[in-house]
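Observations on the three-dimensional arrangement
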Amino acid sequence: MLLQFALFCVVALFGAGAMSLYWRARADVQSLVYGLSGGLCGAIFLAAVAPRGADALTTTLPLGVPWIGMHFRLDSLSAFFLAVVDLGGAAASAYAIGYGAHEKDPMRILPFFPAFIAAMNMVVLADDAFTFLVAWEFMSLTSFALVIAHHHQAENRAAAYIYLLMASFGTLCLLMAFGLLAGAAGAYDFASIRAAELDPWKKGLALALVTLGAGSKAGLAPLHIWLPLAHPAAPSHVSALMSGVMTKVAIYGFIRIVFDLLGPPAFWWSVHPLVFGAASALVGVLFATVQSDLKKLLAYSTIENVGIIFIALGLALAFKANGQTLAAALAFTAALFHVFNHSLFKGALFFGAGAVLGATGERNIERLGGLIRSMPKTAFVFLGACLAIAALPPLNGFVSEWLIFQAILLSPTLPQWVLKLTIPAVGVTLALSAALGAGAYVRAFGVVFLGRPRSEAAKGARETDRWSLGAMSAMVFLCLLAGVLPSLMIDTISPAAAAYVGGRMPAQSQIGWLSIAPIAESRSSYNGFLVLAFILLSSLGAMLTIRSIWPRPLRRAPPWDCGYIDPSPFTQYTGSSFAQPVRRTLGNIAFSVKERLDMPAPGDTRAAHFTIDIGDRFIAYLYEPLGEAVNFCAKRLNFVSFLSIQEYLALVFAALVLMLVIVAL
């Protein structure tokens, strides 16, 4: 019944998108569509978290391929991701009721927004390859329509084009992977695939294709190039959904196929998630550290966090392959916990970036500053989200990353020397990315909200609307709740861990004082409630001590001005200044940096200009040569356009024979 109810709500979401066209003449069309979307997401969320027993719920609808139908399934894993999707969808819908007032052409967004959420729900509920791929493609197309909503800007059109290319590449990889899994029998429902026996080389090839297909949608390096382009191009509530939710749907696809459909793993399956995850974490955080565009900074941070999740999944595969189910459950739980956490704080951060963009029209952090005075509530919740994503206790980001490090500390028990060498290196990379990530968010918050305004737009900013503030505040409150009471989240994830890695962490609800213990209390434990109490009491004690020693009232004075009478706000410490050590130390290794200084000659009153161009080496050394190779091949194969009918038929016949031979292998 719960599954049917969730499917009914998914259909209603598609209907809400269609109804927006019928309601387009109404003045309150945005409130209607976003309110309906939020309500339906809330209903699906309740269906996902409602008690349903240990058995999976399944159903088949008479749709899709004739006489076969579309299969759907609600189990512990799909219920977890369904909750993540719809919690994010409900928050984005509530935020958009206020944020949508800035939209000049809302009908370019309203038909696609609820359909996008519906498609993500369908991916998570699909129980056969046909339904999964149709929903996956629909998710890509609706998000493409949302990315290109502001099509009048050339950079947005370019971003949408690259996103469509990468999405098509990912779908093609998944299509071939399911083709391998279905085999010659062609059974495409997940139950048949799960029961089939495949040759090891087919499993390996399918694993590689799934990594490419799901990794391209998740933003795993080097398949990440669309993400820092598409997220800034889309409206902010769509960016929040794409970054906080859609990338998690891609991770769900990876888990569903690799941990469920491919069968028992070999130890080497874990190597590439570990390596690519570590590379993504490092690449993402380095680019986030030097970005001046606030939404691009958040997009690169998503690449970092996707890498962290893949590291945890790689650890879970390594432990599961060696029969260490408790350690596998720890890593798997940490991965899903970080999935949930990232959907919360990244959603809140994109909402905050949208509030800043709506108030100032600026995404360049160098032209902001001082917003804490004009937007104090936004500044407060943005700071909370920054603390959460920087993995500072007692917020939720700390707990999931701490669990991943606990899993890394168990890796010496693995017997394979490849893993013994790889995992410590991955752990060092994870620690480095965590430190750099904290610095990136100190920079983001400090340059945007502190100091003095660097532009007239920042000087004239006003606080955002109550709907936007409500959505942001709710997400940050959940970050705090998940950090203070992590035992609830761990016990919620445990059924999925038991089903997909064969073990579960100890029941955290049985540990006293709201503490958590990954393996055993004697080994390590954490108590978020005590950390919160310590922070509050020590802060209160420090404040009272200072007030007792220095009881004079608050006095405001001009900032330190280095001896200048009226210095410009541009003399403040900027984002570029903050990032300079990282940029100059790693600029020629991690990314290509060109610094240009235009200094006028003595006597010339013209202002000096300093510009920095930061390039992605993956684009320079991988994608640009690939594009040139495609162009070269296209020119060489241009003669195919001028074949006769007989030659076309012969070509089709040869391709068909080749495909049959491949399928027969």
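Overview of the structure.

Rules of the game
Residues numbered from 1 in each chain as written. Predicted model: local features only at pLDDT ≥ 70, side-chain atom pairs only at ≥ 80, totals over all residues. Heavy atoms only, no water. Helix = DSSP H or I, 4+ residues; strand = E, 2+ residues; numbered from the N terminus. Rg over C-alpha atoms; globule rule 2.2 N^0.38 Å. Buried < 20%, exposed > 50% of the residue type's maximum accessible area, 1.4 Å probe, protein only. Contact = heavy atoms within 4.5 Å. Areas by Shrake-Rupley, 256 points an atom, 1.4 Å probe, with all protein chains shown as cover. Lys, Arg positive; Asp, Glu negative; His and termini not counted. Charge placed at Lys NZ, Arg CZ, Asp CG, Glu CD. Pairing = 2+ DSSP bridges. 1 Å grid on protein atoms, 1.4 Å probe; cavity = no way out; pocket = protein on both sides within 12 Å on 5 of 7 lines; lining within 4 Å. Points joined across faces, edges and corners; volume = space filled by probe spheres on them. Nonpolar A, V, L, I, M, F, W, Y, C, P; charged D, E, K, R; others polar. Axes fitted to C-alpha atoms, helices over the stretch in contact; angles between N-to-C directions. Parallel < 35°, antiparallel > 145°, perpendicular 65-115°, else oblique. Left-handed = near helix turned anticlockwise from the far one by under 90°. Salt bridge = Lys/Arg side-chain N within 4 Å of Asp/Glu carboxyl O. Core = buried A, V, L, I, M, F, W, Y, C linked by side-chain atoms within 4.5 Å. Disulfide = S-S within 2.5 Å. Phe/Tyr/Trp six-rings, centres within 6.5 Å; stacked < 30°, edge-to-face > 60°. Expected span 1.5 Å × (residues − 1). Polar contact = N/O pair within 3.5 Å; in protein donor to acceptor, adjacent residues only side chain to side chain.

1. Some points on the overall build of the chain
For the chain, the helix and strand inventory stands at 24 helices and 4 strands. For 665 residues, the compact-globule estimate of 2.2 N^0.38 gives 26 Å, and the C-alpha radius of gyration of the chain, at 26 Å, lies within 12% of that figure. Along the first, second and third principal axes, the C-alpha atoms of the chain reach 85 × 70 × 60 Å. A total of 665 residues make up the chain; the buried ones form 52% of that total. Long-range pairs, those at least 24 residues apart, make up 78% of the contacts in the chain between residues at least 6 apart in sequence. When the accessible surface of the chain is split by element, carbon and sulfur atoms take 69% of a total near 29200 Å². Of note, the chain has its 42 positive side-chain charges centred 6 Å away from the centre of its 34 negative side-chain charges.

2. Here we look at the pairing of strand β2 (residues 70–74)
The element β2 is extensively covered by neighbouring structure, given that 5 of its 5 residues are classed as buried. Side chains Met70, Phe72 and Leu74 project from β2 onto one buried face, and the interleaved His71 and Arg73 project onto a second face that is buried too. Alignment of strand β1 (residues 57–61) against β2, held across 5 bridges, turns out to be antiparallel. Paired with Thr60 across the strands is His71, a residue of β2.

3. Describing the layout of surface pockets
Computed from the structure, the largest pocket encloses a volume of approximately 680 Å³. Taken together, 29 residues make up the lining of the largest pocket; nearest its centre are Val49, Phe80, Ala83, Met489 and Thr492. For the lining of the largest pocket, the secondary-structure elements that each account for two or more residues are α2 (29–49), β2, α3 (76–99), α19 (466–484) and α20 (486–501). When grouped by side-chain class, the residues that make up the lining of the largest pocket number 22 nonpolar, 3 polar and 4 charged.

4. Observations regarding the packing of α2 against helix α4 (residues 113–125)
Running from amino to carboxyl end, α2 crosses α4 at an angle of 15°, the nearest separation of the two axes being 10 Å. Classified by the interaxial angle, the pair formed by α2 and α4 is roughly parallel. Where α2 crosses over α4, the handedness of that crossing is left-handed. Judged by residue contacts, Val33, Tyr34, Ser37, Cys41 and Ile44 of α2 engage Phe113, Pro114, Ile117 and Asn121 from α4. Looking at the contact of α2 with α4 residue by residue, the classes come out as 7 nonpolar, 2 polar and no charged.

5. Some remarks on the pattern of salt bridges
By the definition in use, this model includes 13 salt bridges. Of the charged contacts in the structure, one is a salt bridge between Asp260 and Arg194, with a shortest N-O distance of 2.7 Å. Of this pair, Asp260 sits in helix α10 (residues 236–261) while Arg194 sits in helix α7 (residues 190–195), placing them 66 residues apart in sequence. Look at Asp260 and you get buried, because its relative accessible area is 11%. Exposure remark for Arg194: the relative accessible area of 27% places this residue in the partly exposed category. Here Asp613 ties to Arg596 by a salt bridge, and the two come within 2.7 Å at their closest N and O atoms. With Asp613 in strand β4 (residues 609–615) and Arg596 in strand β3 (residues 592–598), the pair connects residues that are 17 residues apart, well separated along the chain. Accessibility expressed as a relative area gives 44% for Arg596, which makes it partly exposed.

6. A closer look at the packing of α3 against α19
In the contact formed by α3 and α19, the axes pass within 6 Å of each other and the chain directions differ by 155°. Between α3 and α19, the crossing angle belongs to the class labelled roughly antiparallel. Residue-level contacts link Leu87, Ala91, Ala94, Tyr95, Ile97, Gly98 and Tyr99 of α3 to Trp467, Ser468, Ala471, Met475 and Leu478 of α19. Along the lines of polarity and charge, the residues of the contact of α3 with α19 split into 10 nonpolar, 2 polar and no charged.

7. Details of the environment of Val399
By the element assignment, Val399 lies in helix α16 (residues 396–409). A C-alpha to C-alpha distance of 33 Å links Val399 and Gly35, two positions 364 residues apart in sequence. Beyond its immediate sequence surroundings of up to four residues, Val399 is in contact with Phe337, Gly483, Pro486, Ile516 and Tyr526.

8. Quick look at the nonpolar core
Met120, Phe132, Phe178, Met242, Phe259, Leu315 and Phe332 are the most contacted members of the largest nonpolar core, which totals 204 residues. No other element matches the 21 residues that helix α13 (residues 325–360) contributes to this core. Contacts of Phe132, omitting those with residues within four sequence positions, involve Val123, Ala126, Leu174, Phe178, Phe190, Tyr252 and Gly253.

9. Overview of the state of the cysteines
As enumerated under the stated definition, the model contains 0 disulfides in all. Note on Cys9: no disulfide assigned, nearest cysteine sulfur contributed by Cys41 at a separation of 9.2 Å. Judged by its relative accessible area of 0%, Cys41 is buried.

10. What about unusual backbone geometry?
The step from Ala221 to Pro222 runs through a cis peptide bond, and the omega angle for that step is 5°. Cis geometry marks the peptide bond from Pro393 to Pro394, where omega comes out at 10°. Although it is not a glycine, Ala391 adopts a positive phi angle of roughly 65°. Relative to the helices and strands, Ala391 is located in the loop between α15 (376–389) and α16. Residue Ala391 is classed as buried on the basis of its relative accessible area, which comes to 13%.

11. Points about the packing of aromatic side chains
Inspection of every chain in the model, using the stated rule, returns 19 aromatic pairs. Here Tyr34 and Phe113 contribute two aromatic rings whose centre-to-centre distance is 5.2 Å and whose plane-to-plane angle is 80°, an arrangement assigned as edge-to-face. With Tyr34 in helix α2 and Phe113 in helix α4, the pair connects residues that are 79 residues apart, well separated along the chain. Here Tyr34 matches Phe113 in class, with each residue buried. Geometrically, the ring pair formed by Phe132 and Phe190 is tilted, given 6.3 Å between the ring centres and 55° between the ring planes. On the criterion of sequence distance, the pair formed by Phe132 in helix α5 (residues 129–147) and Phe190 in helix α7 is long-range, its members being 58 residues apart. For Phe132, a relative accessible area of 1% translates into the label buried. Since its relative accessible area comes to 1%, Phe190 is described here as buried. Linked through ring pairs, Phe132, Trp136, Phe178 and Phe190 together constitute an aromatic cluster.

12. Considering helix α12 (residues 294–321)
Taking 1.5 Å per residue as the helical rise, α12 with its 28 residues ought to reach 40 Å, and the 41 Å between its terminal C-alpha atoms agrees with that figure. With 25 of its 28 residues buried, α12 lies for the most part within the structure. For α12, the N-terminal capping position is held by Asp293, with its side-chain oxygen 3.0 Å away from the main-chain nitrogen of Lys295. Immediately beyond the C-terminal end of α12, within one or two residues, lies Gly323, with a positive phi of roughly 75°.

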